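# Chains, contacts and geometry: an overview
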Amino acid sequence: MSTPASALTNRPTWKLYLELTKPKVVALIVFTAIVGTLLASPGIPPLDALLWGNLGIALASGCAAAINHVLDQKIDEQMARTQKRPLATGTLKTSQALTFAFSLGVLSMLILWFLVNPLTAVLTFASLIGYAVIYTVFLKRATSQNIVIGGAAGAAPPVLGWAAVTNSIEPNALLLFLIIFIWTPPHFWALAIARRDEYAKAGIPMLPVTHGIPYTRLQVLLYTVLLVLVTLMPWISGMSGLIYLAAVLVLNARFLYYAFALKLTARAELPMKIFKFSISYLMWLFIALLVDHYLPTTQLHAI
C-alpha cells in the first residue's frame, strides 16, 4: 500500500533530517564500532574513547549517508524502495541536505581530532570519503563489483572504534574489518536480486543486472562459504573462545542453509529473507564476540 502524498510532505522537519542519516544503517555501523571499542581493552575502555569516539563515528556516518542521499537523488526517484526519501519527494532541498551533511562532518572531525585522537579522525574521514564519494559517485555506477570494492568503507567502523582506544591499527581490529568486508557481498547481493528490475531501470550495474540472477546466486553461496571460514579466525587466532565459537557455528549453519537454498531453488521470498537474516547474523556475531571477551574463562582456543 502506497503512502499518501500528504503524509510524505507533512512529516516533521526533524524526522526528514533524521531520515537523511539512514538511522537503521548507522545504528548497525555504530554498534560494530562500539564493539571494536570494547574489544580493544581488556576491561572497560576509557570513557572518552567510548563516548566521544563513537559519537564522532556516528556523526560521520550520518554525514556520509546524507551526502549519499544528495548524490543518489535521481536514482532514488526511480526506485520503489527509495522514492519516498526526503530529497526524492522534494520535502527537503539539496542545499538543506548539503548544509546538514557538512555540519555533521565538521562536528565529527572536531570531536575525533580534539577529544579522541588524530588517527581515528583521519581513518574516519577516509571511510566517509570512501563511501560518500568513491563508492557513490564512481564505483556504484562503474562496475558490478561496486559493493565488493566499496565494502571497505562499510567494514571500517570496528577499526575506528579500536583506534579510538589504542591510537593504533592492530591485527584483531583488521580481523573484524575482514569479517564485515566478506559479509557485505552476500548481504547486499541478496537485496540486489530482489530489486534487480529497479536497479536495471535506474542504470546501476549491480551483479544481477550485468551477470544475471543465477550467477549472482552462485556468488552469494561462494562468499557465504568464505564468510564461514573467515568468521572462524577469531577463535583460531585466540582472539575469542568457546562462547563465540558456539554462536558462530549456529549462525553460519543458518546462513549456509539460506545460501544453498538460494542457489538450488527459485523461491521468490529467499533473497529478502537472506538480506534480513544477514543483518541479524552480523549483530549476533558481534554480540558473541563481546560476551566472549568479558568471560575469559571460556578462552579455550584452537591449537
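The coordinates are above.
No experiment lies behind these values; they were computed from the predicted model shown.

### Digging into helix 3 (residues 23–39)
Spacing of three or four residues puts side chains on the same side of an α-helix, whose turn is 3.6 residues. Under the 1.5 Å per step criterion, the end-to-end length of helix 3 is 24 Å for 17 residues, consistent within 8% with the ideal 24 Å. For helix 3, the full list of buried residues reads V26, L28, V30, T32, A33, V35, G36, T37, L38 and L39. On its buried face, helix 3 sits against helix 4 (47–71), helix 10 (157–166), helix 11 (171–194) and helix 17 (270–293).

### Structural notes on the packing of helix 3 against helix 4
As a packed pair, helix 3 and helix 4 sit with axes 10 Å apart at the nearest point and diverge in direction by 150 degrees. With respect to their mutual orientation, helix 3 and helix 4 come out roughly antiparallel. Viewed along their axes, helix 3 and helix 4 form a crossing whose handedness is right-handed. Only A49, L50, N54, I57, A58, S61 and G62 of helix 4 make contact with helix 3, whose side of the interface consists of V26, I29, V30, A33, I34, T37 and L38. Looking at the contact of helix 3 with helix 4 residue by residue, the class counts come to 10 nonpolar, 4 polar and no charged.

### Here's the deal with the environment of G43
Note on placement: G43 falls in the loop between helix 3 and helix 4. Residue classification places G43 among the partly exposed residues on the basis of a relative accessible area of 27%. Measuring from C-alpha to C-alpha, the distance between G43 and Y294 comes to 7.6 Å, with 251 residues separating the pair along the chain.

### Quick word on the packing of helix 3 against helix 10
Relative orientation of the contacting elements helix 3 and helix 10 amounts to 40 degrees, with a least axis distance of 7 Å. With respect to helix 10, the axis of helix 3 lies oblique. When the axes of helix 3 and helix 10 are compared, the crossing they make is right-handed. The segment helix 3 lies against helix 10, with I29, T32, A33, G36, T37 and L39 engaging P157, P158, G161, W162 and V165. In terms of residue class, the contact of helix 3 with helix 10 is made up of 7 nonpolar, 4 polar and no charged.

Calculation notes
- Residues numbered from 1 in each chain as written.
- Predicted model: local features only at pLDDT ≥ 70, side-chain atom pairs only at ≥ 80, totals over all residues.
- Heavy atoms only, no water.
- Helix = DSSP H or I, 4+ residues; strand = E, 2+ residues; numbered from the N terminus.
- Expected span 1.5 Å × (residues − 1).
- Buried < 20%, exposed > 50% of the residue type's maximum accessible area, 1.4 Å probe, protein only.
- Contact = heavy atoms within 4.5 Å.
- Axes fitted to C-alpha atoms, helices over the stretch in contact; angles between N-to-C directions.
- Parallel < 35°, antiparallel > 145°, perpendicular 65-115°, else oblique.
- Left-handed = near helix turned anticlockwise from the far one by under 90°.
- Nonpolar A, V, L, I, M, F, W, Y, C, P; charged D, E, K, R; others polar.

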